[in-house]
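Structure assessment
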Amino acid sequence: MTAEARAAASPLTERQEARRRRILQAGAQLAGRGGFEAVQMREVADAAGVALGTLYRYFPSKIHLLVAVMQDQLQHLQLTLRRRPPSGDDAARRVAETLLRAFRALQREPHLADAMVRALTFADRGVSPEVDAVSRLTTAIILDAMELEDPTQEQLSVVRVIEHTWHSALITWLSGRESIGQVERDIETVCGLIGPAHGSGDGDTDGSVDAPAV
């Protein structure tokens, strides 16, 4: 059972949460220096100041750890975006701005980006809860940008397509098969699927709200 699953059953103590935070920071730092291969569990344990057995109680594998690092990065992004939300006039522009800001942050740490995306790609069913948490958080960030609190099934389908395109674009960029400019164009193109009917502030009744989500 991972730390996330245990936390759902019983919240982590302050000391346990601090230990988990050190582990995540150590994993992110190692990945930032050398990518996926640089993240070795013994080195993570040493850097975090915990026993190897303790590390495995929190994160059973490197994949679990790096997916959790991605979740942590997305939580930080969400807080940043809520403090300084996108300023586009419609939902499509706001979502595009949100994802472009996220993409530019990944460009600043390409090794970390590669490690997180590879972990998400390699994750099997044993990591499903962690992968699902990343997906839910990505969805929440996009819905925040769309200014939606009660999306319709159609709107959620559009969000899923955006997420799939986002993930695919990151993979092709990190593998060197797609340029930064092309990724940005892909993001802007797929966000165009939102259309004016999915935005807020136009008086529709499809579940949108007039004020930004905070």
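Being a predicted model, the structure only gives us computed values, none of them experimental.

The subject of this paragraph is helix α8 (residues 128-146). Here α8 is 19 residues long and its end C-alpha atoms lie 27 Å apart, about the 27 Å a rise of 1.5 Å per residue gives. Listed in full, the buried residues belonging to α8 are Glu130, Ala133, Val134, Leu137, Thr138, Thr139, Ile141, Ile142, Leu143, Asp144, Ala145 and Met146.

Within the chain, glutamate 147 stands out as a residue other than glycine whose phi angle is a positive 65°. Take glutamate 147: it is sitting in the loop between α8 and α9 (153-174).

Grouped together as the largest cluster of nonpolar side chains are 63 residues, with contacts concentrated most on Ile23, Leu65, Val95 and Met146. Setting aside anything within four residues of it in sequence, one finds leucine 65 in contact with Ile23, Leu24, Gly27, Val39, Met41, Val44 and Phe59.

When pLDDT is averaged across the protein, the result is 88; 86% of the residues are at 70 or more. Counting interchain partners and residues more than four positions distant, the pLDDT-below-50 stretch residues 198-214 has 38 contacts.

Inspection of helix α3 (residues 41-48) places Met41, Val44, Ala45 and Ala48 among the buried residues, and these make up the whole buried set. In an axial view of α3, the angular spread of the buried residues amounts to 100°, which keeps them on one side of the axis. Facing away from the buried side of α3, by more than 90 degrees, are the exposed residues Arg42, Asp46 and Ala47. Taken together, the buried residues of α3 touch α2 (14-34), α4 (52-58) and α5 (62-83).

Definitions and limits used
Residues numbered from 1 in each chain as written. Predicted model: local features only at pLDDT ≥ 70, side-chain atom pairs only at ≥ 80, totals over all residues. Heavy atoms only, no water. Helix = DSSP H or I, 4+ residues; strand = E, 2+ residues; numbered from the N terminus. Expected span 1.5 Å × (residues − 1). Buried < 20%, exposed > 50% of the residue type's maximum accessible area, 1.4 Å probe, protein only. Core = buried A, V, L, I, M, F, W, Y, C linked by side-chain atoms within 4.5 Å. Contact = heavy atoms within 4.5 Å. pLDDT = per-residue confidence, 0-100. Arc of directions from axis to C-beta.

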